[in-house]
Structures are given as C-alpha cells and as structure tokens.
Amino acid sequence: MAVQGHSPNSRLALRAIEIASTRELDGFRDVCAPDVVLSFPFHPNGAETHHGVEEMIKQFSVEKAFQTFSLEAVNLYDNGEVIVVEGRSHGTYKSGRPDYRNHYIFVIQCKDGRITHWNEFFNPLEAMKQNYGKPKPEKAVHDE
C-alpha cells in the first residue's frame, strides 16, 4: 500500500523515509536542516538524541547487520509542520538469522522546507523478541 503525501511537508517526510529505506543516506543532506535533531526514545541502549545531519547519517549507517532493509509508510497524518508516519520494516540479516520486522511511528517536524526534528518510535517488544542488536548465537560444536 503506497502512501502519498499531498503537502510539501508530507512529501518531504515520505522522501526521508525513502532515504532511510534505500540507505542512500547522503540524501538526508537534501531534506534535513543542518542542525536536525534525531531522537530514539525507545532505543535498545536507552533513549538517545543526536544533533546535526552528519550525525543523523552516521546513526543510520551504523546498522550494518542487515543484508537488506526496507521501510514502508503505511499511514501518514499531516498536521502542517508536524507529519506523523506509521511504517513497517523488513530486514534480512547478513548472518542468515531469521528476518527482522517491526512497526514504527515517525514524528517529523518540518520548517522552511527542511526536516528539523526526527523522532523515531518502534516496538521494542518486537525487537527484543527477535533479538535485535544481539549477536547470532554460536552453533554448538559436537564431537564426532
């Protein structure tokens, strides 16, 4: 199901979701303010806040465990300068672990044609259930 944005801010938010999904992260420089604030209130390591577009690119690029990763916007709520996007993710791990899936809510604030705040909420129970962020357990070696 493709969600379309009609206002400039909703199109901007959807473009940012697409950038995160395709991992063409340099595109964040085109859609985000240089001093964008990135917030992960439910991060597995505890709430995190990062400042600046270069830090945003760095944070999104650290996820190297995935072979593939995609985000799909399934709902969009346009509140003018604040856009709320509900999304679903799907990722395949390089290690061959079972696929990763999660449910996201992005609260994206826009001003003057740029994203100024990106707040990302995901379901931490789904992440924990799928051992997100944990290394793949080593297979037991059996003596023959």
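Residues numbered from 1 in each chain as written. Predicted model: local features only at pLDDT ≥ 70, side-chain atom pairs only at ≥ 80, totals over all residues. Heavy atoms only, no water.

A. Examining the packing of aromatic side chains more closely. Enumeration according to the criterion identifies 11 aromatic pairs in this entry. Seen in terms of ring centroids, Phe28 and Phe60 are 5.1 Å apart; in terms of plane orientation they differ by 50°. Their pairing is tilted. A residue pair is termed long-range when its members are at least 10 positions apart, and Phe28 in helix α2 (residues 28-31) and Phe60 in helix α3 (residues 53-61) qualify at 32 residues. Of the two residues examined, Phe28 and Phe60, each falls in the buried class. Taken together, the ring pairs in this structure connect Phe28, Phe40, Phe60, Tyr104, Phe106, Trp118 and Phe122 into an aromatic cluster. The ring centre of Tyr93 lies 4.2 Å from the NZ or CZ of Arg97, which sits over that ring. (Phe/Tyr/Trp six-rings, centres within 6.5 Å; stacked < 30°, edge-to-face > 60°. Helix = DSSP H or I, 4+ residues; strand = E, 2+ residues; numbered from the N terminus. Buried < 20%, exposed > 50% of the residue type's maximum accessible area, 1.4 Å probe, protein only. Lys NZ or Arg CZ within 6 Å of the ring centre and 35° of its normal.)

B. Main features of the side chain of Ser21. Secondary-structure assignment places Ser21 in helix α1 (residues 8-22). Beyond its immediate sequence surroundings of up to four residues, Ser21 is in contact with Phe69, Ser70 and Leu71. (Contact = heavy atoms within 4.5 Å.)

C. View of the nonpolar core. Membership of the largest hydrophobic core comes to 33 residues, with the highest contact counts inside it found for Phe28, Ile115 and Trp118. For this core, the secondary-structure elements that each account for two or more residues are α1, α2, β1 (32-40), α3, β3 (66-79), β4 (82-93), β5 (100-111) and β6 (114-122). With seven residues, the single largest contributor to this core is α1. Phe28 has contacts with Ala16, Ile19, Ala20, Val53, Met56, Ile57, Phe60 and Trp118, leaving out every residue within four places of it along the chain. (Core = buried A, V, L, I, M, F, W, Y, C linked by side-chain atoms within 4.5 Å.)

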